[in-house]
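# Structural overview
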Amino acid sequence: MMHHLVIAPIALPMLFACLLMLERSVLPHRRRMLALIGTTLQLVVAVTLLVMTRDGTIWTYQLGEWHPPFGIVLVLDRLAAYMVIISTLLGAAAMLYASNGQDAKGTNFHALFQFQLMGINGAFLTGDIFNLFVFFEILLIASYALLLHSGGRKRTLAGMHYVILNVAASSFFLIAAGTLYGTLGTLNMADLAVKVTHVTERQQGLVEAAALMLMAVFLLKTAILPLHFWLPRAYAAAPGSVAVIFAIMTKVGVYSLLRVYTLIFGDQAGNIAHFAHQWLWCGGIATIAVGALGVFSSPDLRIQISYLTLVSVGTMVAALGMGSVDSYSAVLFYLPHTTFITAGLYLVAEAIGRQRGRAGTRIVKSRRLRQPYLLGTLYFVGTLAILGIPPFSGSIAKVMILTTAHGYQAAWLWGVVLLSTLLGLVSMSRAGTTIFWRAGQDASTRGALLNWRTGGAAIALLSVALLIPLFAYPLSAFTHDIVAQLAAPGHYVEAVLGQAPSLGEAVQ
Amino acid sequence: MLLPLIILLPLIGSLVPVLARRARRTPIALLTALLPGAALAITIWLGIQVLKGDILHFALPWVPQMGLALAFRFDGLSLLFTLLILGIGLLVIVYARYYLDPKDSMPKFYGFLMLFMTSMLGIVTSDNLMLLWFFWELTSVSSFLLISFWSWSSNARKGARMAFAVTGAGGLCLLASLMLMGHIVGSFSLDTVLHSGETLRQSPLYPLVLILLLLGAFTKSAQFPFQFWLPHAMSAPTPVSAYLHSATMVKAGIFLLIRLYPVMGDTNGWYYIITLTGLITMFYGAYMAMVQYDLKGLLAYSTISHLGLITMLLGLDTRLSTLAAVFHVVNHAIFKASLFMAVGIVDHECGTRDSRRLGGLRRYMPYTAALATVAGASMAGVPLLNGFISKEMFLTETLQIQSLGGLSWLIPALATLGSALSVAYSLRLVVDVFYRGEPRFLPKQPHEAPRPMRLPIEILIILCLAVGMFPSFTVGALLNSAMSVVATDAMSGQSLAVWHGINLPLMMSAAAMLLGLIIYLMRNILHSSFRRDFLKTDAKLVFERAVQKSIAFGERVLDRIDSRSLQQYMLVMMTLMLIMAVQGLVKMPGLMGPVALQPIDPFVLAGAIAMCIGAIATVNFQRYRLIALICLSITELMVALAFLKFSSPDLALTQLVVAPVTLILMLLTLFFLPQQTPRVSSGIRILRDLVLAAAVGTVIASINFAVLTDHYDSIGKFFTDNAVSGAGGHNVVNVILVDFRGFDTLGEITVLGITALGVLKLLNRMKLFVPTTSAENRPWAPEYFPTIFGSVAQIVLPLALMVAFYFFIRGHNLPGGGFIGGLVAASALIMMYTARGVEWTMRRLRIDFQRLIATGLLIAWLTSAAPLLFGHNFLTTWFDHFDIPLIGSLEIASALVFDLGVFLTVVGATMMILANLGRLATPYSPAREHRQIDGAMSAKKEMR
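Treat the numbers as computed from the prediction; the structure is a model and nothing was measured. Residue indices begin from 1 for each chain and proceed along its sequence in written order. Labels are handed out in written order, letters beginning with A for the chains and numbers beginning with 1 for the ligands. In keeping with the model being predicted, local features are shown solely for residues with a pLDDT of at least 70 and side-chain atom pairs are shown and tallied solely at 80 or more, while totals for entire chains, interfaces and linings include all residues. Hydrogens and water molecules were not included; the side-chain quantities draw on all heavy atoms of the structure.

### Focus on the overall build of chain A
For chain A, the helix and strand inventory stands at 21 helices and four strands. Scaling as 2.2 N^0.38, a compact globule of 508 residues should have a C-alpha radius of gyration of about 23 Å, and chain A matches this with 22 Å. Taken across its 508 residues, chain A has 72% of its residues classed as buried. Only heavy atoms enter the contact rule, under which two residues are in contact if any of them lie within 4.5 Å. The contacts in chain A between residues at least 6 apart in sequence include a share of 79% that link residues at least 24 apart. Counting 30 positive and 18 negative side-chain charges, chain A places the centres of these two groups 23 Å from one another. Under the scheme used here, helices are H or I runs from DSSP no shorter than 4 residues and strands are E runs no shorter than 2 residues, and both carry numbers assigned from the N terminus. Radius of gyration: over C-alpha atoms. The globule rule applied is 2.2 Å multiplied by the number of residues raised to the 0.38 power. Here's how the labels work: a residue is buried when its accessible area is under 20% of the maximum for its type, exposed when over 50%, partly exposed in between, all with a 1.4 Å probe on protein chains only. When charges are counted, neither His nor the chain ends are considered; positive counts come from Lys and Arg and negative counts from Asp and Glu. Note that the charge is assigned to NZ on lysines, CZ on arginines, CG on aspartates and CD on glutamates.

In structure tokens form, the structure reads like this:
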């Protein structure tokens, strides 16, 4: 029976989204209650799934009981469970924040939010490349709708760039998936991994063309140079609670890269193994550089945080490009840190913007904040954490990635990452001192204060800065286990295709 | 184990003042001092063991993956520095109680101070290089917070930022250096590293490691050319200056060099770089100290100078130089901290620390004057004070240097000159402030400071005298123990005596005193002639300007990269995709696969040509919307025909019904776009885009061709084989959609539903300009809804809905299905809207589209989830044949219910999108302005 839980991270948000669409009362309380119940259930499920994968079991779930590769299959391994719990926790924080009133600023916030979670979780769980496309569509279109939440010219414009680029990329995803299907005759990722090991020379060219296009699509999702343009303004324009959930969207790209390029095009793929690494490496390094420049020169706090997102995805993708088991593990250690901290910083930035009146989040002299100490502390912790200054989470996560680099890669990665950190230090200390200290004596009287909901969400997210160092030992052990599982894709393939009974029994 | 408590207690201590913030000032100070006091007791307790020759260890694993462990060690060197940090720290806590203004936040100050103390203790006791770096950066952070304590002051903010940037940069260099060290040695454990000196020095990376290490150490210890941040850090409250910027933090770099001396030292690189840097820093600092008016500035530069002296000693490769360095660290901390505190008293009681306004303060504050005099004498190196002994050692060591060959005599000469400068600025400080002249225009009436404020200075002065007179008794054992981990044989044969007989160093000392006095007497000449040239540039402003310029530069670069134009973004993406696809294609031996081509059918050829013409014409007529749309529909039609020809009637049907719906959608949207489209693209750009489009098209077509001409062995066969037996449907396409890959369909209808919600979100607040004339300036017809069309539409509607239902119901076995049925139904409804207008239709067709979508999705979901009740997987289908009287054999499949969900969702979503757009396009209806067509609620209200 346990295996039915594998569908829950997708089915539950969908159910609640439908119910929320039906709940049309003017007052938001009932929708909030429904969303709360949904999120709580998902949290319970996510934790259970994590426990289910602890011993290394790979759970599969055959939809419609069609045996793979013919039907669609969901696969829950350690990596999927890890990603699902991260997205669910993030979703819970965003919900908490939004329920303070942001959800009522436009239509159908909670329903769209549940759809968004459904898309993200689906992308993490699916074992089918076309199904992955479907979930990409869900999360893309839901995120676009959420980006437009509470309106405004800026949002509409940033949203347009975002959606058009992403839809165009989707069509290339289709072309790539179609080519893979046309060449290898299957869409199941495990089956692809098998088929790719014995291709003819002709097929190899086609598969490589498809795989590279697929990689480019993932890189666009991850916002890697030169496909990063959509990110800074779209993320900066998003309402706080939406920006929180956006923090994981780029990680969906990272996840897809990690999944596809370890499972299908990993070591066992022979001639076509590891062709992506060079691209990932170069793209990642270039993204860090541009991101750092953006952090350094942005005149606005939100845009600065968006560029910090670029730096962090660049770091992750460059580390993926190094292609060693250790660096994968370090990336997975880094992932929750950057996700939660960036999300928390967006919330802090929004609160700052509200309390400063017309100055908003621009880095200029202005009136005093209404909660200078609380916001100042949160900003300080978040900034140091994201820059990687001890004792916060970033220092461990970043250094862990750095220590996995060797040879010329170490020279590049260390140089670029450390320089970006320095630029970040200079600019964020400027931003912080200007916003918090270069202020008049009188505080503005308007602007929402952080209360237990909004402040609670921000504090919960930023507390990760201390929780990760505290629990670094078990966390790093877990990411190590995840990667050990990834490094042996044979188990995954066996779990999906193996002669094991057709219902979703577990394979050890 | 008590060892971690030394770090843990002050860490907890940083919370104490915050918790006790309601208390009065003195209790806060006392409570704060409690935990570091306990830590000091533990230190002394453990120190007794260390002095016996033990090295204490404590280790907990933290992140083994990166070699990070919570490992501490307590040896002689740690003991020495720990005593210094805790001892002076406690004195500073007492001092700060009286120094800080009642308006200043005591909890904040003490909290940050304790945080700093913790990190400093961490540096000196770490047994793991990564851990050491952690604490290293923490000192930078806490120093930033302390310098900017008076955050309202622009100087404090700028000084703090600069210090943070410089020491932060150094910290990052240090990190790189330590990581390299870890790579070479294979461990971050200090024990292992300390035993791998040979490996490190032999490594080809050694120079890089050394330079990065020195960058870290020099920035922290304010060595030339990174000294500029330290004077500006003096915007901090004086207790902070005394503690961080003279006694402890700036010694962290020195500590690091001493710590790693056994492994990194003893090379030419080490020797030259460090000695020269130290020498330059010593002179630069001494000179700058001479020309400062600000007393804290004077002390800051004298600190730089003394740090240079210590650095130089570390570089010198003689046996005793390291000992002298360690000893001077202690002595400097003692006398400089007391001087800072004394200057703080002057500042506090007189309201200024400008040496031009101060003078003759001896009469107003005799005790402070006496204390400052002793401390100043110690800094000048007067015998019987601690500064003298280490300076003598320094001079002795400079005489040993032979490495400059014939020019080696320069070093002792320069050392003497440096000492003379030290004497001169000590005289300036003490004599000018306390003895000569009269105070002028003081903001406050000067008076003696309260007794407890002087207490810390008194303790330090007693130490000055004790160490100065009985060195081996007071610090001999400590130094011995410290040296045992740095250079084991340094202490043998060395006595820390005050009197070594009349020898060359003593003569040099005497010469320095004399020379210093002469320089002091000539100070006016110095001021008038040199000061102007040296002080014109304010490092703060230079730094700020550099940052501003870099920001501007960064902005320009970013603008160059990011054009903020969607067209450019698309160009980049297309180009990248092209490169990716070509990468694979060029590796193929040939495009043509083993499968033979079919003969060309004239109909197919004609269709293909029509399709191409349609596409090209669309682009060509893009400025004439209607024509372009018609051309586009040619292509669409041809695609539908192509589907039909290649035996996929389902796709053809879908294409046929999608085409009109999209056409209406396009018409509705185009209505709002500017009537005239200007010709914006230049010829070159059009050419470029044309080439790119052609290239992408060619490459994608090639891929297609290659795929189609290859043997094909796919899972598709399974679907055709199992559609009837396994899923009970003859229409394989539909069975794939609702059964084999029903999960995809579930996802896609979700996408459709979300899209409708998104469109609603986008449009419901939008106010668009509604044009009243066409592009040719002809007004739109006032008659919106032609009567005949309206009547016919009303008659056709039920028939059309019947057709839709028919398509839907037969879908499982014949072309059709929920999607096609839904689109047909939607088309029929749209016809009603077009014929009768939004308002009219809405009043009669009270359908809440959002509810419709939700219901559709929910039906699909429930059908998918129902099997769970029977223990089957999500989406498992069920079908059976029934014999029903009159109707005959009938197959009932759960997939049909699922398809009903698809049907409803498609109708709801399509209608929601189109109706909302249509509403926008309906002009002159102020009554509807604030309403949205997401349901019939509003319509209901209107009916009433």
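### A word on the overall build of chain B
Within chain B, the secondary structure is distributed over 39 helices and four strands. In terms of overall dimensions, chain B is more spread out than a globule: its C-alpha atoms have a radius of gyration of 43 Å, far above the 30 Å expected for 944 residues. Expressed as lengths along the three principal axes of its C-alpha atoms, the size of chain B is roughly 130 × 65 × 60 Å. By the burial criterion, 56% of the 944 residues in chain B qualify as buried. Within chain B, residue pairs in contact and separated by at least 24 positions form 79% of the contacts whose partners lie at least 6 positions apart. Within chain B, one finds 66 positive and 48 negative side-chain charges whose respective centroids are separated by 13 Å.

### Re the interface of chain A and chain B
Across the contact, 123 residues belong to chain A and 118 residues belong to chain B. Two parts placed together each lose some accessible area under a 1.4 Å probe, and adding up what both lose gives the buried area. Carbon and sulfur atoms make up 73% of the surface buried where chain A meets chain B, a total of about 11000 Å² over both sides. Summed over the three residues of chain A that lose the most area to chain B, namely A:Arg24, A:Trp66 and A:Arg202, the buried surface amounts to 8% of that side. Definition used for salt bridges: Asp or Glu carboxyl oxygen within 4 Å of a side-chain nitrogen of Lys or Arg. Applying the counting criterion to the chain A and chain B interface returns six salt bridges. In this structure, the salt-bridge partner of B:Asp710 is A:Arg202, at a minimum N-O distance of 3.4 Å. A 3.5 Å cut-off defines polar contacts: any pair of N or O atoms within that distance qualifies, except that in protein one atom must be a possible hydrogen donor and the other a possible acceptor, and neighbouring residues in sequence count only when both atoms are side-chain atoms. The interface formed by chain A and chain B holds 31 residue pairs in polar contact (both at pLDDT 80 or more) in total.

### Overview of empty space enclosed by the protein
Lining residues are defined by having an atom within 4 Å of a point belonging to a cavity or pocket. Those points lie on a 1 Å grid over the protein atoms alone, cavities being sets where a 1.4 Å probe fits but cannot get out and pockets being open sets with protein on both sides within 12 Å along at least five of seven lines. Grid points are joined across faces, edges and corners, and a volume is the space filled by probe spheres set on the points. Enumeration over the complete set of coordinates arrives at 14 cavities of 30 Å³ or more. Around the largest cavity sit 16 residues that line it, and B:His306, B:Leu309, B:Lys391, B:Ser419 and B:Ser422 are the ones nearest its centre. Secondary-structure elements contributing two or more residues to the lining of the largest cavity are α15 (295-315), α16 (321-350), α17 (366-380), α18 (386-398) and α19 (410-435) of chain B. With five residues, the top contributor of residues to the lining of the largest cavity is α19(B). All amino acids are sorted into three groups, where Ala, Val, Leu, Ile, Met, Phe, Trp, Tyr, Cys and Pro are nonpolar, Asp, Glu, Lys and Arg are charged, and the leftover types, Gly among them, are polar. Across the lining of the largest cavity, the residue classes break down as seven nonpolar, eight polar and one charged. Around the second largest cavity, the lining residues are A:Ala292, A:Val295, A:Leu308, A:Val311, A:Ser312, A:Tyr334, A:Ile386, A:Leu387, A:Lys398, A:Ser420, A:Thr421 and A:Gly424. Taken together, the residues of the lining of the second largest cavity sort by class into seven nonpolar, four polar and one charged.

### Focus on the pattern of salt bridges
Applying the stated criterion to the full structure yields 30 salt bridges over all chains. In this structure, the salt-bridge partner of A:Arg233 is B:Asp562, at a minimum N-O distance of 3.2 Å. Separated into two different chains, A:Arg233 in helix α9 (residues 231-237) and B:Asp562 in the loop between α25 (539-561) and α26 (566-585) make up a pair that spans both. The exposure class of A:Arg233 is partly exposed, given its relative accessible area of 23%. Put simply, B:Arg259 and B:Asp75 hold a salt bridge, and the shortest N to O gap is 2.8 Å. In this pair, B:Arg259 is assigned in helix α13 (residues 249-264) and B:Asp75 in the loop between β2 (68-74) and α4 (76-99), connecting sequence segments 184 residues apart. Connected through salt bridges with shared partners, the residues B:Arg73, B:Asp75, B:Asp127, B:Asp191 and B:Arg259 form a single ionic network.

### So, unusual backbone geometry
Residues and elements named next belong to chain A. Note that the residue after Pro68, namely Pro69, is joined by a cis bond; omega there is 10 degrees. With respect to the helices, strands and loops of the structure, Pro69 is situated in the loop between β1 (59-62) and β2 (73-76). The residue after Pro390, namely Pro391, is reached through a cis peptide bond having omega 5 degrees. Unusually for a residue other than glycine, Asn108 sits at a positive phi of about 55 degrees. Mapped onto the elements, Asn108 comes out in the loop between α3 (78-98) and α4 (109-125).

### Quick look at the domain arrangement of chain B
A common way to report how large an interface is uses the accessible area buried once the components associate. Reported domain spans reflect what an automatic or database domain assignment gives. Assigned domains of chain B: these are domain 1 (294-490 + 500-521) and domain 2 (715-944). In this structure, domain 1 of chain B and domain 2 of chain B have C-alpha centres spaced 89 Å apart.

### With respect to the environment of A:Ile248
Residues and elements named next belong to chain A. If you trace the backbone, Ile248 turns up in the loop between α10 (240-246) and α11 (249-263). Placed 90 residues apart in sequence, Ile248 and Thr338 show a C-alpha to C-alpha distance of 9.2 Å. Aside from chain neighbours lying at most four places away, what touches Ile248 is Ile86, Ser87, Leu90, Ile120, Phe124 and Thr339.

### Notes on the nonpolar core
The set of buried Ala, Val, Leu, Ile, Met, Phe, Trp, Tyr and Cys residues whose side-chain atoms join them within 4.5 Å is what this entry labels a nonpolar core. By size, the foremost hydrophobic cluster in this structure holds 510 residues, and its most contacted members are A:Tyr261, A:Leu413, B:Met264, B:Phe743 and B:Phe874. The leading source of residues in this core is α16(B), at 19 residues. Taken domain by domain, this core gets at least three of its residues from each of domain 1 (294-490 + 500-521) and domain 2 (715-944) of chain B. Grouped together as the second largest cluster of nonpolar side chains are eight residues, A:Trp66, B:Ile715, B:Ala723 and B:Phe740 included.

### Quick look at the packing of aromatic side chains
Each aromatic ring pair is summarised here by two numbers: the centre-to-centre distance and the angle between the ring planes. Working definition: rings of Phe, Tyr and Trp (its six-membered ring) pair if their centres are within 6.5 Å, and the pair is stacked with planes under 30 degrees apart, edge-to-face with planes over 60 apart, and tilted otherwise. Enumeration over the complete set of coordinates arrives at 43 aromatic pairs over all chains. Summarising the aromatic geometry, the rings of A:Phe136 and A:Phe218 are spaced 5.9 Å apart at their centres and angled 70 degrees between planes, so their arrangement reads as edge-to-face. In this pair, A:Phe136 sits in helix α5 (residues 129-147) while A:Phe218 sits in helix α8 (residues 201-222), placing the two residues 82 residues apart along the sequence. Judged by its relative accessible area of 1%, A:Phe136 is buried. By relative accessible area, A:Phe218 is classed as buried at 0%. Arranged with centres 5.5 Å apart and planes meeting at 65 degrees, the rings of B:Trp62 and B:Phe134 form a pair that is edge-to-face. Taken together, the residues B:Trp62 in strand β1 (residues 56-63) and B:Phe134 in helix α6 (residues 129-147) connect sequence positions 72 residues apart. You can call B:Phe134 buried: its relative accessible area is 4%. Grouped by ring-pair contacts, the aromatic residues A:Trp66, A:Phe70, B:Phe718, B:Phe719 and B:Phe740 constitute a single cluster.

### A word on the side chain of B:Ser119
All names here are of chain B. Looking at where Ser119 falls in the secondary structure, it is placed in helix α5 (residues 106-125). Exposure remark for Ser119: the relative accessible area of 0% places this residue in the buried category. A polar atom in the side chain of Ser119 sits 2.8 Å from the backbone oxygen of Phe116. Residues within four places of Ser119 in sequence aside, it is in contact with Phe135, Leu138, Thr139 and Ser142.

### Here we look at the environment of B:Ser321
Residues and elements named next belong to chain B. The topology assignment puts Ser321 in helix α16. Residue Ser321 is classed as buried on the basis of its relative accessible area of 0%. Between the alpha carbons of Ser321 and Phe394 there is a distance of 6.9 Å; along the sequence they are 73 residues apart. If we ignore the near neighbours within four places in the chain, the residues touching Ser321 are Leu313, Leu316 and Glu397. Among the polar contacts listed, one links the side chain of Ser321 to the backbone oxygen of Leu313, at a separation of 3.2 Å.

### Notes on a nonpolar patch on the surface
Excluding any residue in a salt bridge, patches collect residues exceeding 30% relative accessible area, merging like charges within 9 Å and nonpolar Val, Leu, Ile, Met, Phe, Trp and Tyr side chains within 5 Å. Per-residue and other accessible areas follow the Shrake-Rupley method at a 1.4 Å probe size, with only the shown protein chains counted as cover for residues. A cluster of nonpolar side chains, namely B:Ile211, B:Tyr272, B:Ile273, B:Leu404, B:Leu407, B:Trp409 and B:Leu410, defines an oily patch on the protein surface of about 640 Å² accessible area. Relative to the assigned elements, B:Trp409 resides in the loop between α18 and α19.

### A word on the environment of B:Phe74
All names here are of chain B. Counting through the fold element by element, Phe74 comes out in strand β2. For the pair Phe74 and Gly89, spaced 15 residues apart in the sequence, the C-alpha separation amounts to 19 Å. Excluding residues within four positions of it along the chain, Phe74 makes contact with Leu3, Ile6, Thr43, Leu46, Gly47, Val50, Asp54, Ile55, Leu56, Leu79, Thr82 and Thr125.

### Observations regarding the packing of α3(A) against helix α20 (residues 472-486) of chain A
All names here are of chain A. Axes here refer to lines fitted to C-alpha atoms; in helices the fit is confined to the stretch in contact. Angles between the N-to-C directions go from 0 to 180 degrees. One way to put it is that α3 packs onto α20 with a least axis distance of 8 Å and a crossing angle of 135 degrees. One element, α3, and the other, α20, form an angle in the oblique class. Mapping the contact onto sequence places Arg78, Leu79 and Tyr82 in α3 and Leu475, Phe478, Thr479, Asp481, Ile482, Gln485 and Leu486 in α20. For the contact of α3 with α20, the residue count by class is six nonpolar, two polar and two charged. Throughout, the term roughly parallel applies to angles under 35 degrees, roughly antiparallel to angles over 145, roughly perpendicular to angles from 65 to 115, and oblique to all others.

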